[in-house]
Amino acid sequence: MAVFTYATADQVAGLIKGGLSPDRIEMLNIKLVNLSSQLSAWYPGLRERWLAEQEDSELRNLVEAMVVEAGRKFINNPDGMSSETIGVFAYSRFDTEDPAKEPFSKRDLAALEAILAEDRNAQVGSFAIKPSMSMFPAAPMPGPRQYSNSVRRWGRR
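Definitions and limits used
Residues numbered from 1 in each chain as written. Predicted model: local features only at pLDDT ≥ 70, side-chain atom pairs only at ≥ 80, totals over all residues. Heavy atoms only, no water. Helix = DSSP H or I, 4+ residues; strand = E, 2+ residues; numbered from the N terminus. Expected span 1.5 Å × (residues − 1). Buried < 20%, exposed > 50% of the residue type's maximum accessible area, 1.4 Å probe, protein only. Arc of directions from axis to C-beta. Axes fitted to C-alpha atoms, helices over the stretch in contact; angles between N-to-C directions. Parallel < 35°, antiparallel > 145°, perpendicular 65-115°, else oblique. Left-handed = near helix turned anticlockwise from the far one by under 90°. Contact = heavy atoms within 4.5 Å. Nonpolar A, V, L, I, M, F, W, Y, C, P; charged D, E, K, R; others polar. Salt bridge = Lys/Arg side-chain N within 4 Å of Asp/Glu carboxyl O. Polar contact = N/O pair within 3.5 Å; in protein donor to acceptor, adjacent residues only side chain to side chain.

Asker: Help me understand helix 5 (residues 106-120) in this model?
Answerer: Three- or four-residue spacings in an α-helix give side chains the same orientation, since the helix completes a turn every 3.6 residues. Counted at 1.5 Å a residue, the expected span for helix 5 with its 15 residues is 21 Å, and the 21 Å between its end C-alpha atoms agrees. Taken together, the buried positions of helix 5 are Leu 109, Leu 112, Ile 115 and Leu 116. Each buried residue of helix 5 lies within a common arc of 125° when the element is viewed along its axis, so the set occupies one face. Turned more than 90 degrees off the buried face of helix 5, the exposed positions are Lys 106, Arg 107 and Glu 118.

Rendered as structure tokens:
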């Protein structure tokens, strides 16, 4: 079974100072598959739309950049350590609420949601329906058979 990723290890390796060893490339490939699976699960239909997009579209570029950046963060700090001090058991990890531990930034996720929502809000029909001059907002009736927001009286005379 072929695995799917939005970015390759070569794209991430170009951003790593000193390059990557074969073991770290294998670790990075696994992480990129996991990151791509997360995005595909969070946004159903993203994979199909990403594959259907042109090579240099906003959606392809954003998703690719998100996965490359998350892969770069992972390979630079695979254990998720936030700091170290002198002494035994002095290493500390990021808390789960810490945004640095999250693979994708909130800003990138918001941009991705906006791009995906743009497609959902597109016009479906062949022409736009515009309000005509004869449409009036709803208003309460001042009395029986009287319409306050119409130009003429309706009903029988």
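Asker: Mind showing me how you'd approach the packing of helix 4 (residues 58-76) against helix 5 here?
Answerer: For any two helices packed against each other, the geometry comes down to the angle between their axes and how far apart the axes lie. Relative orientation of the contacting elements helix 4 and helix 5 amounts to 155°, with a least axis distance of 11 Å. In terms of orientation, helix 4 and helix 5 fall into the roughly antiparallel class. The handedness of the crossing between helix 4 and helix 5 is left-handed. Note on element contacts: helix 5 touches helix 4 through Asp 108, Leu 109, Ala 111, Leu 112, Ile 115 and Leu 116, opposite Glu 58, Leu 59, Leu 62, Val 63 and Met 66. Grouping the constituent residues of the contact of helix 4 with helix 5 by class yields 9 nonpolar, no polar and 2 charged.

Asker: Is there a simple way to explain the pattern of salt bridges in this structure?
Answerer: Oppositely charged side chains can form a pair if their charged atoms are brought close together. Scanning all chains against the criterion turns up 2 salt bridges. The salt bridge involving Arg 49 is made with Glu 53; its shortest N-O contact spans 3.5 Å. Look at Glu 53 and you get partly exposed, because its relative accessible area is 26%. With a closest N to O distance of 2.5 Å, Glu 69 and Arg 72 form a salt bridge. With a gap of 3 residues between them, Glu 69 and Arg 72 both fall in helix 4, about one helical turn apart. We classify Arg 72 as partly exposed; its relative accessible area is 24%.

Asker: I tried to follow the side chain of Ser 57 on my own but got confused; where do I start?
Answerer: Along the chain, the position of Ser 57 falls in the loop between helix 3 (46-52) and helix 4. For Ser 57, a relative accessible area of 12% puts it in the buried group. Within polar-contact distance, the side chain of Ser 57 engages the backbone nitrogen of Arg 60 at 3.3 Å.

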